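Single-letter residue listing:
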Amino acid sequence: EAPRNIAEAAGMAMESEVLRFLRQGQDPGAVFDVRPDIISSSITRVTALEAAIWSRRVRLLGILERERAIPNDKVRRHLVCLAGDIRANELADRLLREGTSDCEAGHATRMIAARSQ
């Protein structure tokens, strides 16, 4: 089934669709509803940036970085913490510009799951 929004496209790792939705003006930092089969039945409200982390695709993250979709360090840190929570270490390393993250284990995932309730 085709993605309905940029977050679904990111969760499905459909790079061309992510770019199409970006070009149509969808905000990769806005929270979208995603079908339960995209990430999980308990994670159904995410940003495209968060969904991209769940896709575990370094190339997709690179596209989002190139498109300047990560607006600031606060969002970047949240994504680093999410990547750490789901053990997407390659993505966490790419996002972490320097130093180490000071993430509370599981916090980012719990926050997103709470939003999905």
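Everything that follows concerns the structure shown earlier in this document.
Residues numbered from 1 in each chain as written. Predicted model: local features only at pLDDT ≥ 70, side-chain atom pairs only at ≥ 80, totals over all residues. Heavy atoms only, no water.

Enquirer: Any chance you could explain the overall build of the protein here in plain terms?
Expert: Across its full length, the protein holds 7 helices and 2 strands. Compactness check: the protein gives a C-alpha radius of gyration of 13 Å against a globular reference of 13 Å for 117 residues, within 12% of the reference. Its C-alpha atoms put the protein at 40 × 30 × 20 Å along the principal axes. In the protein, which comprises 117 residues, the share counted as buried stands at 50%. Relative to all contacts within the protein whose residues are 6 or more apart in sequence, the contacts with residues 24 or more apart total 56%. (Helix = DSSP H or I, 4+ residues; strand = E, 2+ residues; numbered from the N terminus. Rg over C-alpha atoms; globule rule 2.2 N^0.38 Å. Buried < 20%, exposed > 50% of the residue type's maximum accessible area, 1.4 Å probe, protein only. Contact = heavy atoms within 4.5 Å.)

Enquirer: Just checking my understanding: could you explain the nonpolar core for this structure?
Expert: Within soluble globular proteins, side chains that are nonpolar tend to cluster in buried spots. Within the largest apolar cluster, 38 residues are counted, with the highest numbers of intra-cluster contacts made by Val-46, Ile-53, Trp-54 and Leu-64. Those elements that place two or more of their residues in this core are α1 (6–11), α2 (15–23), α3 (48–55), α4 (58–66), α5 (73–85), α6 (89–95) and α7 (107–115). Once residues lying within four places of it in the same chain are set aside, the contact partners of Val-46 are Ala-7, Ala-30, Val-31, Phe-32, Val-34, Ile-39, Ala-51, Trp-54, Ile-112 and Arg-115. (Core = buried A, V, L, I, M, F, W, Y, C linked by side-chain atoms within 4.5 Å.)

Enquirer: Quick question: what am I supposed to make of the packing of α3 against α5 here?
Expert: In helix packing, the relevant descriptors are the interaxial angle and the interaxial distance, both defined with respect to the helix axes. Put simply, α3 and α5 touch, their axes get as near as 10 Å, and they point 30° apart. By the angle class used here, α3 and α5 are roughly parallel. At the point where α3 passes α5, the crossing takes the right-handed sense. Within the contact between the two elements, α3 uses Leu-49, Glu-50, Ile-53 and Trp-54 and α5 uses Val-75, His-78, Leu-79, Leu-82 and Ala-83. (Axes fitted to C-alpha atoms, helices over the stretch in contact; angles between N-to-C directions. Parallel < 35°, antiparallel > 145°, perpendicular 65-115°, else oblique. Left-handed = near helix turned anticlockwise from the far one by under 90°.)

Enquirer: Whenever I open this one, the pattern of salt bridges confuses me. Can you help?
Expert: Between side chains of opposite charge, pairing is possible as soon as their charged atoms come close. Summed over the entire model, instances satisfying the criterion amount to 14 salt bridges. Two residues, Glu-8 and Arg-4, come together in a salt bridge whose shortest N-O distance is 3.0 Å. Two residues, Glu-67 and Arg-23, come together in a salt bridge whose shortest N-O distance is 3.0 Å. Taken together, the residues span a long stretch of sequence, with Glu-67 in the loop between α4 and α5 and Arg-23 in helix α2 at a distance of 44 residues. Members of the salt-bridge network, linked through shared partners, are Glu-1, Arg-4, Glu-8, Arg-35 and Asp-37. (Salt bridge = Lys/Arg side-chain N within 4 Å of Asp/Glu carboxyl O.)

Enquirer: Mind showing me how you'd approach the packing of aromatic side chains here?
Expert: Two aromatic rings, taken as a pair, are described by how far apart their centres are and by the angle between their planes. This structure, assessed with the given rule, holds 0 aromatic pairs. Above the plane of the ring of Phe-21 lies Arg-20, whose end atom (NZ or CZ) is 4.5 Å from the centre. (Phe/Tyr/Trp six-rings, centres within 6.5 Å; stacked < 30°, edge-to-face > 60°. Lys NZ or Arg CZ within 6 Å of the ring centre and 35° of its normal.)

Enquirer: Please clarify how the state of the cysteines should be interpreted in this entry.
Expert: Linking two cysteines covalently via their sulfur atoms produces the bond known as a disulfide. Summed over the entire model, instances satisfying the criterion amount to 1 disulfide. The disulfide partner of Cys-81 is Cys-103, and the S-S distance across this bridge is 2.0 Å. For the disulfide bridge between Cys-81 and Cys-103, the dihedral angle about the S-S bond is near -85°, and by the sign convention the bridge is left-handed. Of this pair, Cys-81 sits in helix α5 while Cys-103 is found in the loop between α6 and α7, placing the two residues 22 residues apart along the sequence. The exposure class assigned to Cys-81 is buried, which follows from its relative accessible area of 6%. (Disulfide = S-S within 2.5 Å.)

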